[in-house]
Amino acid sequence: MATICHGPQILISAGVLRGRKGTSYAGIRDDMVNAGVEWVDEPVVIDGNWVSSRHPGDLYAWMREFVKNLTGE
């Protein structure tokens, strides 16, 4: 699963982020933390099957890591 920018808001609503480590657009940092995420300000964060990034400027790193996650590299 991969999210970028405001994408984690769907996962917040689904209640599936507690105990995970990830990142997002800084504007929803508090929402992430309140949902139980260990939020970090990095271009890409990998936590198991979840690859997250902050904003479109991180697309290069996000997609590289997401493809690695999909292919098992």
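Read on for an overview of the structure. Starting afresh in each chain, residues are numbered from 1 along the sequence in its written order. For a predicted model such as this one, the threshold for reporting local features is a pLDDT of at least 70, and the threshold for listing and counting side-chain atom pairs is 80 or more; totals across whole chains, interfaces and linings nevertheless cover every residue. The basis for every side-chain value is the complete set of non-hydrogen atoms in the structure, without hydrogens or water.

A run of H or I in DSSP counts as a helix once it spans at least four residues, and a run of E counts as a strand once it spans at least two, with each numbered from the N terminus. Within the protein one finds three helices and five strands. Counted from the first residue to the last, the protein has its helices and strands arranged as β-α-β-α-β-β-β-α. Compactness check: the protein gives a C-alpha radius of gyration of 11 Å against a globular reference of 11 Å for 73 residues, within 12% of the reference. The principal-axis extent of the C-alpha atoms belonging to the protein is close to 30 × 25 × 15 Å. Only C-alpha atoms enter the radius of gyration; for comparison, a globular chain is expected to reach 2.2 Å times N to the power 0.38, where N is the number of residues.

Note that soluble globular proteins tend to have their nonpolar side chains buried in a common cluster. Put simply, a nonpolar core is a bunch of buried Ala, Val, Leu, Ile, Met, Phe, Trp, Tyr and Cys residues held in one set by side-chain atoms that sit within 4.5 Å of each other. Note on exposure labels: buried denotes an accessible area under 20% of the residue type's maximum, exposed denotes more than 50%, and partly exposed covers the range between, all computed with a 1.4 Å probe on protein chains only. Judged by nonpolar contacts, Leu11, Leu17, Ile28, Met32, Val37, Trp39 and Trp50 together constitute the single largest core of seven residues. Excluding its chain neighbours within four sequence positions, the residues that come into contact with Leu17 are Pro8, Leu11, Ile12, Met32, Ala35, Gly36, Val37 and Trp50. A contact between two residues is defined here by any heavy atoms of the two lying within 4.5 Å.

Further remarks concern the pattern of salt bridges. By definition here, a salt bridge exists when the distance from a side-chain nitrogen of Lys or Arg to a carboxyl oxygen of Asp or Glu is within 4 Å. Across all of its chains, the model carries six salt bridges by this definition. Of the charged contacts, one joins Arg29 and Asp30 as a salt bridge, the two residues approaching to 3.4 Å between their closest N and O atoms. Classification of Arg29 by relative accessible area gives partly exposed; the value is 37%. In this structure, Arg54 and Asp41 form a salt bridge, with 3.0 Å as the shortest nitrogen-oxygen distance. Residue Arg54 is located in the loop between strand 5 (50-53) and helix 3 (59-71), and its partner Asp41 is located in the loop between strand 3 (38-39) and strand 4 (44-47); the two are separated by 13 residues in the primary sequence. Owing to a relative accessible area of 53%, Asp41 belongs among the exposed residues under this scheme.

As judged from the four bridges shared by strand 4 and strand 5, these two strands associate in the antiparallel manner. Opposite Val44, over in strand 5, you have Ser53 as the bridge partner. Strands pair, by our definition, only if DSSP identifies at least two bridges between them. Count of turn residues in the strand 4/strand 5 antiparallel hairpin: two residues, of which Gly48 carries a positive phi of about 65°.

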